[in-house]
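A look at the structure
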Amino acid sequence: MKIDHIAIWAENLEVLRSFYTEYFNGNSGELYHNPLKGFTSYFITFEDGSRLELMHKDGLDRGKTEILGLAHLSFATGSKSHIIELTDRLRADGFSIIGEARTTGDGYFESVIADPEGNIVEITV
């Protein structure tokens with residue numbers, strides 16, 4: 001069994017779509033739009049076949065919605081040097097670095113950043 005996709009509610013689909021395609025090499029599908037429900041979404045597919053669904057619905061208000069659940073996404077880059085390189089690139093491009101590249105107490109080498117809408121993304125080997 002495998003996870004088919006993970007979905008994120010987005011305030012700005014285009015900003016998140018650009019972020020995940022540019023920095024994590026995702027390929028974007030076409031925009032889906034259901035005008036009756038005020039719903040739009042993109043599926044971003046990554047080289048291993050995993051997918052991320054970015055969703056927006058008219059009237060969604062992050063400040064009025066209490067959500068428990070997904071804590072973070074994690075992308076494996078394949079090497080420590082790529083983690084450092086990508087983290088530095090994201091920093092230079094103005095994104096928030098929440099945790100610098102390091103070996104964690106449980107032995108993982110990772111950095112932690114926030115995407116354009118504040119979703120937590122771990123970058124690991």
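So, a few notes on the structure that sits alongside this text. (Residues numbered from 1 in each chain as written. Predicted model: local features only at pLDDT ≥ 70, side-chain atom pairs only at ≥ 80, totals over all residues. Heavy atoms only, no water.)

Non-glycine residue N25 carries a positive phi angle of around 60°. In this structure, N25 sits in the loop between α1 (13-24) and β2 (27-28). (Helix = DSSP H or I, 4+ residues; strand = E, 2+ residues; numbered from the N terminus.)

The next point concerns the packing of α1 against helix α2 (residues 80-92). Relative orientation of the contacting elements α1 and α2 amounts to 140°, with a least axis distance of 11 Å. As the angle between them shows, α1 and α2 are arranged oblique. Every pair of crossing elements has a handedness; the one defined by α1 and α2 is right-handed. Here α1 contributes F19, E22, Y23 and F24 to the contact with α2, which in turn contributes L86, R89 and L90. (Axes fitted to C-alpha atoms, helices over the stretch in contact; angles between N-to-C directions. Parallel < 35°, antiparallel > 145°, perpendicular 65-115°, else oblique. Left-handed = near helix turned anticlockwise from the far one by under 90°. Contact = heavy atoms within 4.5 Å.)

Quick look at the packing of aromatic side chains now. Under the definition given, this model contains eleven aromatic pairs. The lysine or arginine in question, R51, covers the ring of F43, its NZ or CZ lying 4.3 Å from the ring centre. (Phe/Tyr/Trp six-rings, centres within 6.5 Å; stacked < 30°, edge-to-face > 60°. Lys NZ or Arg CZ within 6 Å of the ring centre and 35° of its normal.)

Right, let's talk about α1 for a bit. Compared with the 16 Å implied by 1.5 Å per residue over twelve residues, the 16 Å span of α1 between its first and last C-alpha is a close match. Among all positions in α1, only L13, L16, F19, Y20, Y23 and F24 are buried. Seen along its axis, α1 keeps its buried residues to an arc of 140°; they face one direction. Where α1 starts, the residue carrying a side-chain oxygen 3.1 Å from the main-chain nitrogen of E14 turns out to be N12. Downstream of α1 by a residue or two, N25 has a phi angle that is positive, lying close to 60°. (Expected span 1.5 Å × (residues − 1). Buried < 20%, exposed > 50% of the residue type's maximum accessible area, 1.4 Å probe, protein only. Arc of directions from axis to C-beta. Polar contact = N/O pair within 3.5 Å; in protein donor to acceptor, adjacent residues only side chain to side chain.)

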